[in-house]
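# Structure assessment
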Amino acid sequence: MKILVPEYIKSITPYPPGKPMDELEREYGVRNAIKLASNENAWGSSPKAIEAIREALTNLHRYPDGSNYYLVRAIAEKFGFSPDEVMIGNGSDEIIEFLVKAFVEKGDEVITSHPSFLMYQKVVQVRGGVNRILPLKDMRHDLETIFNNITDRTRLIFLDNPNNPTATAISPGKLYTFLSNVPETVVVVLDEAYVDFMDSEMQVDAYSLIRNTKGRCGVVVLRTFSKAYGLAGIRVGYGLMDAEIASALQRVRQPFNVNKLAQVAAVAALADTAFYEKTLRGTREGIAWLRKEVEKLGCTTYPSQTNFFLIDVKGDAAALYEAMLYKGVIIRSMKPYGYSHVIRITVGTEEENHRFVGALADCLDELGYVA
Ligand SMILES: Cc1ncc(COP(=O)(O)O)c(C=O)c1O
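Residues numbered from 1 in each chain as written. Predicted model: local features only at pLDDT ≥ 70, side-chain atom pairs only at ≥ 80, totals over all residues.

This part covers the packing of helix α5 (residues 92–103) against helix α6 (residues 119–127). Following both chains from N to C, one finds α5 and α6 inclined at 40 degrees, their axes separated by 10 Å at the closest point. Taken together, α5 and α6 sit at an angle that is classed as oblique. You can see that α5 and α6 cross each other, and the crossing is right-handed. Listed contacts from α6 to Asp93, Ile96, Glu97, Val100 and Lys101 of α5 are Met119, Tyr120, Val123, Val124 and Arg127. Split into classes, the residues belonging to the contact of α5 with α6 amount to 6 nonpolar, no polar and 4 charged. (Axes fitted to C-alpha atoms, helices over the stretch in contact; angles between N-to-C directions. Helix = DSSP H or I, 4+ residues; strand = E, 2+ residues; numbered from the N terminus. Parallel < 35°, antiparallel > 145°, perpendicular 65-115°, else oblique. Left-handed = near helix turned anticlockwise from the far one by under 90°. Contact = placed C-beta atoms within 7 Å. Nonpolar A, V, L, I, M, F, W, Y, C, P; charged D, E, K, R; others polar.)

Here you go:
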């Protein structure tokens, strides 16, 4: 075999797959491990979505509806858009791919922040585009530096708002000013995966941003069913955008990109306000409690506009991550992102939160991080 893999593909680091939970439990000799590492929904999935999935199981021999007819209409109606302004993806990850496929040619530039959601840079690399990666300033997107780095080759700017992993959000006033200055040829992608958890005064008006693009850049708002709706495992997300942008994305997608179960689950979840409200309440209360308890242990915590937050553990984060695994608690070390003493945890159920705090207290003690 003499295959020729392009250099820009060879240079990509594959996404590191996590171990299945039972493998991990075997390796570390623990039982009932809990995962607070992936910003998932601690309360499961919307019961209405599960019921809808159950009903759809008898029809799996048929292809899904390639137009996502009911889901597109449910989203359009809920947020006041027209169906041709809504795009559905196999997770919002897939819409990120569509955007890069549709707008980036080899050598075109895409601006992202570091650290931010890693998927943006990866898909740009796959396309042979040029990543302009700019550091966060005080753990926030540095809009001034981003603006100063726009060139004739800039096609896309990705802003996860709130940002993953720092959980910070851009103040709406600053964002509106920034967007009014970005050139018309650029598309700014506001990735709102965690929008549901934001304080209401920090949320931006997606409708007016997308509609008022006359003489201004394009704006795409990405959302997901993976977080507040608890459907990470079935993969479904959506984008809101001008019909002209959506029309470009429609051209690069596969005909049946969203499976049947995901479509019915998302329609049901969107209408399940009881589950949604339970998630928001649990998240808010859980984060407040966790931050208080963790501070009592001598760590510093950072404010959050999401369902996760950062903790400065006052010692090496990678060693703490490893020690926590032996207690059966999976968290995320931020050392690979350049924050060597910081971990990220997702809010869990009340029971999981108690277990986390107990395990953290033991590990801090064992590692001698705080007095
Ligand atoms: C900022 C951000 N955007 C997008 C995603 C991906 O969401 P989805 O599950 O819809 O692909 C994530 C997942 O963690 C995320 O943190």
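It is worth spelling out the site of the ligand at this point. Taken together, the neighbourhood of the ligand is formed by 13 residues, with Gly91, Asp93, Thr224, Ser226 and Gly237 sitting nearest. Here the residues of the shell around the ligand are counted per class, giving 3 nonpolar, 7 polar and 3 charged. (Near = placed C-beta within 6 Å.)

It is worth spelling out the sheet that holds strand β8 (residues 237–240) at this point. Within a beta sheet, neighbouring strands are joined by backbone hydrogen bonds and run either parallel or antiparallel to one another. Pairing is mixed across the open sheet formed by 7 strands, whose spatial order is β2-β8-β7-β6-β5-β3-β4. The strands lining the two open edges of the sheet, one partner per strand, are β2 (86–89) and β4 (130–135). Strand-to-strand twist of the sheet, defined as the mean angle between neighbouring strand axes without regard to direction, takes the value 20 degrees. Sheet topology note: the strand β5 (residues 154–160)/strand β6 (residues 187–191) ladder contains 5 bridges and is parallel. If you follow Leu159 over to β6, its bridge partner there is Leu190. (Pairing = 2+ DSSP bridges.)

Moving on: the nonpolar core. Counting residues in hydrophobic clusters, the biggest one holds 75 residues, and the most contacted among them are Leu99, Leu156, Val188, Val189, Ala265 and Ala266. The element that contributes the greatest number of residues to this core is helix α11 (residues 260–271), accounting for 9 residues. Not counting residues up to four positions away in its chain, the partners in contact with Ala265 are Ala49, Ala52, Ile53, Leu231 and Ile234. Counting 30 residues, the second largest nonpolar core, distinct from the first, contains Val294, Ile345, Val347 and Phe356. (Core = buried A, V, L, I, M, F, W, Y, C linked by C-beta atoms within 7 Å. Buried ≥ 20, exposed ≤ 12 C-beta atoms within 10 Å, placed from the backbone.)

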